[in-house]
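This is what each chain is made of:
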Amino acid sequence: MHVSRAIILPKLILILKRKSMRTKLLLFLLGVLCSYTNVLSQTTYFIKYASSVSVSEIDGKVLAKQVIPSGLNSLVNFNVNSVDYLAKDLGKQSEVLSRIIKITVDESIPETSVLNLKNIDPTIEYIEKSHEYKMDIVPNDSLVNEQWALEKIQAFDAWNKTEGDVSVLLAIIDTGIDYLHPDLQNKIYLNSGEIGTDSNGDDKRSNGIDDDGNGFVDDYRGWDFTDRVGFPFDSSGGDYLDWDNDPMDEQGHGTYIAGIAGAETNNIIGIAGVAPNIKLLNLRAFDPSGYGEEDDVAAAILYAVQMGARVINMSFGDDAFSLVLRDVISFA
Ligand SMILES: [Ca+2]
Ligand SMILES: [Ca+2]
Ligand SMILES: [Ca+2]
Ligand SMILES: [Ca+2]
């Protein structure tokens, strides 16, 4: 059952005024059920507008939560429930990425209906459904073989350029890293702009202030990018609803990868004859069941770039390719 919250609630209030107490209770329960269902069953789509569409026009669409051009509503037989930027403000680093937004619609809407928006609105360059990714529970490939993104961002060129650098930042986009693990705690990247004391004498790590002005509050040891608008597919609970500054691993995969990454990168360095100080940027985009959303992965990539990561490690396979990640990675 997929009933829009906006429609059911006003009706419910109207009926409550007229009906008996018993009916009120039933209707209340129905209302709760419907609005709950609505929250839980959303599908995310990405829309990229053509370069002819200005960034301010896109800002207007997001602000008004309106993506269907006025006058064309009759051609669209579903409601758009939310409109947002690809990755909050992170996409604004690039003109191309500024033209990508994400929308949610009820899960019951056929994909073909949503994709048909492109035929109705010629200013749309592409529209695609957001992918959901699942980590392998036990990774069985060597790190370099399974990391398709390494080549996409010319990571190996980056290694050459880092010769002589004192440190290399390796972003791990995964289920998080156990930053308390004795073998890893000294390898985790700490953001110097969010460490120490502020002018009030408060700890910058927990003062609720974005001390380094990068758009993230208290991001001193990475970030948790998991935020799920749709039903938690096969979720076993845990932390996955909102962004926060605690990228603790609740699954184990990211910690495992971080362990390999330390070893593998040391090997690469050994061969190259340089000895940079590898730090792991802990970016959590996968939940305790190993599931992740494409928009959260995209946001994590953009954050990694902003923080100066030279290599980004992602442990999902070639089938994960999408137009949105293509655009994000080509920016990276
Ligand atoms: Ca910050
Ligand atoms: Ca702070
Ligand atoms: Ca998300
Ligand atoms: Ca969280």
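### Thoughts on the sheet that holds strand β4 (residues 124-129)
- If you trace the 4 strands from one edge of the open sheet to the other, you get β2-β3-β1-β4, paired in antiparallel fashion. Looking at strand neighbours, the two that pair on one side only are β2 (82-89) and β4, the edges of this open sheet. Strand after strand, the sheet turns through a mean of 30 degrees between neighbouring axes, direction not considered.
- Of the pairings in the sheet, the one linking strand β1 (residues 42-49) to β4 comprises 5 bridges and is antiparallel in character. Note that in β4 the partner of Tyr49 across the bridge is Ile124.

### Some words on the coordination of the calcium ion (ligand 3)
- Those donors, Asp227 (O), Asp227 (OD), Glu293 (OE), Asp295 (OD), Asp295 (OD), Asp296 (OD) and Asp296 (OD), are the protein atoms that reach the calcium ion (ligand 3), and they lie 2.2 to 3.0 Å from it.
- In primary-sequence terms, the residues that donate to the calcium ion (ligand 3) follow D-x65-E-x1-D-D. In this pair, Asp227 sits in the loop between β7 (223-224) and α10 (253-272) while Glu293 sits in strand β9 (residues 291-293), placing the two residues 66 residues apart along the sequence.
- We classify Asp227 as buried; its relative accessible area is 14%.
- Its relative accessible area of 6% is what places Glu293 among the buried residues.

### Quick notes on the coordination of the calcium ion (ligand 2)
- Around the calcium ion (ligand 2), the protein supplies Glu194 (OE), Lys204 (O), Asn207 (OD1), Ile209 (O), Asp211 (OD) and Asp218 (OD) as donor atoms, at distances of 2.2 to 2.4 Å.
- One can describe the site at the calcium ion (ligand 2) as octahedral: its 6 donor atoms subtend angles covering 80 to 175 degrees at the metal.
- All donors of the calcium ion (ligand 2) belong to a single chain; written as a sequence motif, their spacing is E-x9-K-x2-N-x1-I-x1-D-x6-D.
- Overall, Ile209 belongs to the partly exposed group, its relative accessible area being 40%.

### Comments concerning the confidence of the model for the protein chain
- Taken residue by residue, the protein chain gives an average pLDDT of 75. The fraction at 70 or more is 69%.
- Confidence, read as mean pLDDT per element, is least for helix α1 (residues 5-16) in the protein chain (28) and greatest for β7 (98).
- Per-residue pLDDT stays below 50 along residues 1-39; that stretch engages in 26 contacts with residues further than four places along the chain or on separate chains.
- Of the regions scoring below 50 in pLDDT, residues 269-276 engages in 9 contacts with residues more than four places distant in sequence or in other chains.

### Points about the nonpolar core
- Counting residues in hydrophobic clusters, the biggest one holds 37 residues, and the most contacted among them are Leu90, Phe225, Leu281, Leu283 and Ile301.
- Within the residue set of this core, elements represented by two or more residues are β2, β6 (167-174), β8 (277-284), α11 (294-306), β10 (311-314) and α12 (323-331).
- No other element matches α11, which puts 8 residues into this core.
- Here this core spans two domains, since at least three of its residues come from each of domain 1 (5-130) and domain 2 (134-331).
- Setting aside its immediate chain neighbours within four residues, Phe225 contacts Leu90, Phe216, Trp243, Leu283, Arg284, Asp296, Ala299, Ala300 and Tyr303.
- With 21 residues, the next largest nonpolar core counts Val62, Ile68, Ile101 and Val114 among its residues.

### Some points on the pattern of salt bridges
- One pass over the structure, following the stated rule, counts 12 salt bridges.
- Lys92 serves as the salt-bridge partner of Asp59, at 3.4 Å between the closest nitrogen and oxygen. With Asp59 in helix α3 (residues 55-64) and Lys92 in the loop between β2 and α4 (95-98), the pair connects residues that are 33 residues apart, well separated along the chain.
- Among the residues examined, Asp59 registers a relative accessible area of 26% and is labelled partly exposed.
- Judged by its relative accessible area of 40%, Lys92 is partly exposed.

Here is what the cut-offs are and how they apply
Residues numbered from 1 in each chain as written. Chains lettered and ligands numbered in written order. Predicted model: local features only at pLDDT ≥ 70, side-chain atom pairs only at ≥ 80, totals over all residues. Heavy atoms only, no water. Pairing = 2+ DSSP bridges. Helix = DSSP H or I, 4+ residues; strand = E, 2+ residues; numbered from the N terminus. Axes fitted to C-alpha atoms, helices over the stretch in contact; angles between N-to-C directions. Donors = N, O, S within 2.8 Å, 3.2 Å for Na, K, Ca; no water. Buried < 20%, exposed > 50% of the residue type's maximum accessible area, 1.4 Å probe, protein only. Tetrahedral: all angles 85-135°; square planar, octahedral: opposite > 155°, others 65-115°. pLDDT = per-residue confidence, 0-100. Contact = heavy atoms within 4.5 Å. Core = buried A, V, L, I, M, F, W, Y, C linked by side-chain atoms within 4.5 Å. Domains from an automatic or database assignment. Salt bridge = Lys/Arg side-chain N within 4 Å of Asp/Glu carboxyl O.

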